[in-house]
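A look at the structure
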Protein chains: 2
Amino acid sequence: MFSLDYRDSKPIYEQIKDRFRTLIISGVIEEGERMPSVRSLASSLSVNPNTIQRAYRELEQEGYLLSIPGKGSIATHSKEADQHRKEELFREIRKNIRELRNLSVTEDELLQLLKEDETVHD
Amino acid sequence: MFSLDYRDSKPIYEQIKDRFRTLIISGVIEEGERMPSVRSLASSLSVNPNTIQRAYRELEQEGYLLSIPGKGSIATHSKEADQHRKEELFREIRKNIRELRNLSVTEDELLQLLKEDETVHD
DNA sequence: ATACTGTACTAAGAAAACTAGTACAGTTTC
DNA sequence: GAAACTGTACTAGTTTTCTTAGTACAGTAT
């Protein structure tokens, strides 16, 4: 499925959350699509099932998947979750831009940033 | 000087680094200005001196201060450090924008984000 | 001299992340 | 119905990171 970066200071369960959130939001994993089972993903990532469970639990809280005991976990894609995530990303960007403004960054450089991958949607 | 957020999952030494980096970059702490001593800051934040030492050591590695044994620590503001930090922030923003593009964010919303506090420089 | 400075070091505590193993109830497959 | 799945809950223990505590030393300022 994908690999982990053990040099990353970010916890494994966070890396897993980030990966799946991205995959679901981008549509690579479609709404209603089956997620790998807790045990199989744990096995293929050589990680403890509890760690996967934590990632899935938190993704479910965020609204990006639905776990049904006995059946499995499926990806969901609610407007609420998207809106929430959107605001989160906006906050981060605002904070970064605020710092950048003190680093003699021109308006053009910032605009450039927006246009860089304007057409890349995969 | 400032206060810490103990609910924040971010380590104390990271919070301290972030605060001072911002203060130095924004010019609130000027180039060459004296930083609080390791012990006095530790005392006023009710934190162990080792924690401050770690924050200062890493800020020095980033190029935002200079520590001289016996004398103290002073803020520095090198072009290299700024450039490095700038690129770091750019990477983060790019990553966030890439995710936002999958969240049905309009070009206008992104432009709005850039212009929001265009005149706020404090 | 005294009181500062940064730095280095060891030891221990506390918290977070991760692993290991077991168990249970529900679902799917045959 | 049996076997093999599924998610979930739980306890226990390990590992890693963060933080504290305390001591020591050399250089600087007053």
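Rules of the game
- Residues numbered from 1 in each chain as written.
- Chains lettered and ligands numbered in written order.
- Predicted model: local features only at pLDDT ≥ 70, side-chain atom pairs only at ≥ 80, totals over all residues.
- Heavy atoms only, no water.
- Helix = DSSP H or I, 4+ residues; strand = E, 2+ residues; numbered from the N terminus.
- Rg over C-alpha atoms; globule rule 2.2 N^0.38 Å.
- Contact = heavy atoms within 4.5 Å.
- Buried area = accessible area lost by both parts, 1.4 Å probe.
- Salt bridge = Lys/Arg side-chain N within 4 Å of Asp/Glu carboxyl O.
- Polar contact = N/O pair within 3.5 Å; in protein donor to acceptor, adjacent residues only side chain to side chain.
- Nonpolar A, V, L, I, M, F, W, Y, C, P; charged D, E, K, R; others polar.
- Least-squares fit on C-alpha atoms with pLDDT ≥ 70 in both.
- Near = heavy atom within 4 Å.
- Buried < 20%, exposed > 50% of the residue type's maximum accessible area, 1.4 Å probe, protein only.
- Pairing = 2+ DSSP bridges.

A few points about the overall build of chain A
Along chain A, the regular secondary structure elements total five helices and two strands. Start at the N end of chain A and walk to the C end: the helices and strands fall as α-α-α-β-β-α-α. Taken over C-alpha atoms, the radius of gyration comes to 17 Å for chain A, far larger than the 14 Å a tight globule of 122 residues would show. Dimensions along the principal axes, computed over C-alpha positions, put chain A at roughly 55 × 35 × 25 Å.

Overview of the interface of chain B and chain A
Across the boundary between the two partners, chain B contributes 35 residues, which contact 36 residues of chain A. It is Arg101, Leu103 and Leu114 of chain B in chain B that bury the most area against chain A; as a group they hold 18% of the surface buried on that side. The closest approach of N and O atoms between glutamate 99 of chain A and arginine 85 of chain B, which form a salt bridge, is 2.7 Å. The interface formed by chain B and chain A includes eight residue pairs in polar contact (both at pLDDT 80 or more). Of the residues forming the side of chain B that touches chain A, the biggest block, 14 residues, is contributed by helix α4 (residues 79–100) of chain B. Grouping the amino acids of the side of chain B that touches chain A by side-chain chemistry returns 14 nonpolar, five polar and 16 charged.

A word on the relation of the copies chain B and chain A
For the pair chain B and chain A, the superposition axis carries a translation of 0.1 Å, the fit reaches an RMSD of 0.1 Å, and the rotation angle comes to 180°. Such values leave the two copies arranged in the relation of a two-fold axis. No C-alpha of chain B approaches the rotation axis more nearly than that of isoleucine 93 of chain B, which lies at 2.9 Å.

So, the protein's contact with DNA strand D
In the vicinity of DNA strand D lie 27 residues, with Ser37 and Arg39 of chain A together with Ile12, Asn48 and Thr51 of chain B positioned nearest. For DNA strand D, the fraction of atoms within 4 Å of the protein that belong to sugar or phosphate moieties is 60%. Between DNA strand D and arginine 39 of chain B there is a distance of 3.5 Å, counted from a base nitrogen to a side-chain nitrogen or oxygen. Within the contact set of DNA strand D, a base nitrogen lies 3.0 Å away from a side-chain nitrogen or oxygen of asparagine 50 of chain B. Going through the elements one at a time, α2 (38–44), α3 (49–62), β1 (65–68) and β2 (72–75) of chain A together with α1 (12–26) and α3 (49–62) of chain B are the ones with two or more residues in the surface near DNA strand D. Within the surface near DNA strand D, the residues separate by chemical class into eight nonpolar, 12 polar and seven charged.

Examining the protein's contact with DNA strand C
Neighbouring DNA strand C are 25 residues; Ile12, Asn48, Asn50 and Thr51 of chain A together with Arg39 of chain B lie closest to it. One of the side-chain N or O atoms of lysine 71 of chain A is found 3.5 Å from a phosphate oxygen in DNA strand C. Here a base nitrogen of DNA strand C sits 2.9 Å away from a polar atom, N or O, in the side chain of arginine 39 of chain B. The set of elements that each furnish at least two residues to the surface near DNA strand C consists of α1 (12–26) and α3 of chain A together with α2 (38–44), α3, β1 (65–68) and β2 (72–75) of chain B. Residue composition of the surface near DNA strand C, by class: eight nonpolar, 11 polar and six charged.

Thoughts on the pairing of β2 of chain A
Residue and element names in this part refer to chain A. Burial along β2 is one-sided: the residues Ser73 and Ala75 are buried and none of Gly72 and Ile74 is. Inspection of the sheet shows β1 paired to β2 by four bridges, in the antiparallel sense. In the sheet register, serine 67 faces β2, and the bridge partner there is serine 73. The hairpin formed by β1 and β2 contains three residues between the paired strands, and glycine 70 there has a positive phi angle of roughly 90°.

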